[in-house]
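Survey of secondary and tertiary structure
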Amino acid sequence: MTEEHVNYTRWNDASNLQAEIQPITARIEDMLLRLEEFEALLELTKAQRSVAVQQNIGTIVAMKPEFDELCSRIDQLERFVAMVSKNLEAVEKQVQIAEEELDIPDKTINVLLKSLNIFSKPKTLERQTNRNASGVYQAPTIFKTSDYFGSKEVKVVDAAGGIINEEGQERGDKEK
């Protein structure tokens with residue numbers, strides 16, 4: 001055993017273990033210091049967040065009715081846009097049928113192809129029409145803005161500064 005002890009002592013003296021451990025110990029202490037600083041910063045952030053939430057929660061709660069009203073208005077606007085889109089599709093379909101009834105040519109290359117009758121489809125005997133059974137034009141039912149935007153009077157001003165009513169008639173008074 002004494003021989004092992006002598007070998008260990010030689011190895012310990014030769015390797016200078018203390019000099020090797022010193023930089024590792026310094027790094028560990030540095031990391032612990034940084035960890036403590038990070039923990040303090042985290043606690044400070046939590047405290048500030050808590051204070052900010054407590055200060056602003058009243059304001060947020062007070063804004064909830066306004067937010068709910070805004071959401072309701074957005075929902076109404078989405079329904080309005082969908083309804084206008086549906087009405088626009090119906091009117092476009094009626095215009096297309098009217099153009100077919102009156103043989104108004106398209107404004108595309110189809111005009112040339114139709115005039116040559118090479119690529120045209122044979123016309124069906126039953127054509128779509130915008131007329132009802134008695135032969136009278138049937139206009140599509142479209143929306144009224146007053147149903148969606150209330151009955152507030154809307155002033156429309158013509159180029160001369162005259163105010164025009166809903167029927168498109170000039171009222172005579174001038175915009176101020």
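Residues numbered from 1 in each chain as written. Predicted model: local features only at pLDDT ≥ 70, side-chain atom pairs only at ≥ 80, totals over all residues. Heavy atoms only, no water.

1. Focus: the overall build of the chain
The line we're drawing: Numbering of helices and strands runs from the N terminus, with a helix taken as a DSSP run of H or I at least four residues long and a strand as a DSSP run of E at least two residues long. With a 1.4 Å probe rolled over the protein chains alone, any residue whose accessible area is under 20% of its type maximum counts as buried; one over 50% counts as exposed, and the rest are partly exposed. Contacts are residue-level and defined by heavy atoms, with any inter-residue pair within 4.5 Å sufficient. All accessible-area figures derive from a Shrake-Rupley calculation using a 1.4 Å probe, and residue coverage is judged against the displayed protein chains alone.
What the chain contains, in helices and strands, is 4 helices and 3 strands. What you see in the chain, going N to C, is helices and strands ordered as α-α-α-α-β-β-β. When each of the 176 residues of the chain is scored for burial, the buried share is 6%. At a minimum sequence separation of 6, the contacts of the chain that also span at least 24 residues come to 45%. Of the roughly 16200 Å² of accessible surface on the chain, 59% is carried by carbon and sulfur atoms.

2. A few points about the confidence of the model for the chain
Our working definition: The score called pLDDT rates the predictor's confidence residue by residue, from a low of 0 to a high of 100.
Counting all residues, the mean pLDDT for the chain is 76, and 65% of those residues have values of 70 or more. Taken element by element, the chain is modelled with least confidence in strand E3 (residues 170-174), mean pLDDT 51, and with most confidence in helix H2 (residues 17-101), mean pLDDT 90.

3. Examining H2
We apply this condition: Multiplying one less than the number of residues by 1.5 Å gives the expected span of a helix. What is called the bend at a residue is the angle between a pair of axes, fitted to the seven residues leading up to and ending at it and to the seven starting from it.
With 85 residues, H2 ought to run about 126 Å at 1.5 Å a step, yet its terminal C-alpha atoms sit only 103 Å apart, falling short of that. The axis of H2 is deflected most strongly, by about 40 degrees, at Asn-56. Considered for burial, the residues of H2 that qualify are Phe-80, Met-83, Asn-87, Gln-94 and Ile-97. The positive-phi residue at the C-terminal boundary of H2 is Asp-103, with phi of around 55 degrees.

4. As for the pattern of salt bridges
Put simply, the test is: The working definition used for a salt bridge is a side-chain nitrogen of Lys or Arg within 4 Å of a carboxyl oxygen of Asp or Glu.
Applying the stated rule across the entire model yields 2 salt bridges. Of the charged contacts, one joins Asp-30 and Arg-34 as a salt bridge, the two residues approaching to 3.6 Å between their closest N and O atoms. Within this pair, Asp-30 and its partner Arg-34 are both found in helix H2, separated by 4 residues, close to a single helical turn. What makes Asp-30 partly exposed here is its relative accessible area of 35%. In this structure, Asp-68 engages Lys-64 in a salt bridge whose closest nitrogen and oxygen atoms are separated by 2.8 Å. With a gap of 4 residues between them, Asp-68 and Lys-64 both fall in helix H2, about one helical turn apart. Residue classification places Lys-64 among the partly exposed positions, given a relative accessible area of 48%.

5. Re a nonpolar patch on the surface
Rules: Patch definition: residues above 30% relative accessible area lacking any salt bridge, with like charges linked at up to 9 Å and the nonpolar side chains Val, Leu, Ile, Met, Phe, Trp and Tyr linked at up to 5 Å.
Residues Ile-24, Ile-28, Leu-32, Leu-35, Phe-38 and Leu-42 make up a contiguous nonpolar surface patch of about 590 Å² in total accessible area. Along the chain, Ile-24 turns up in helix H2.

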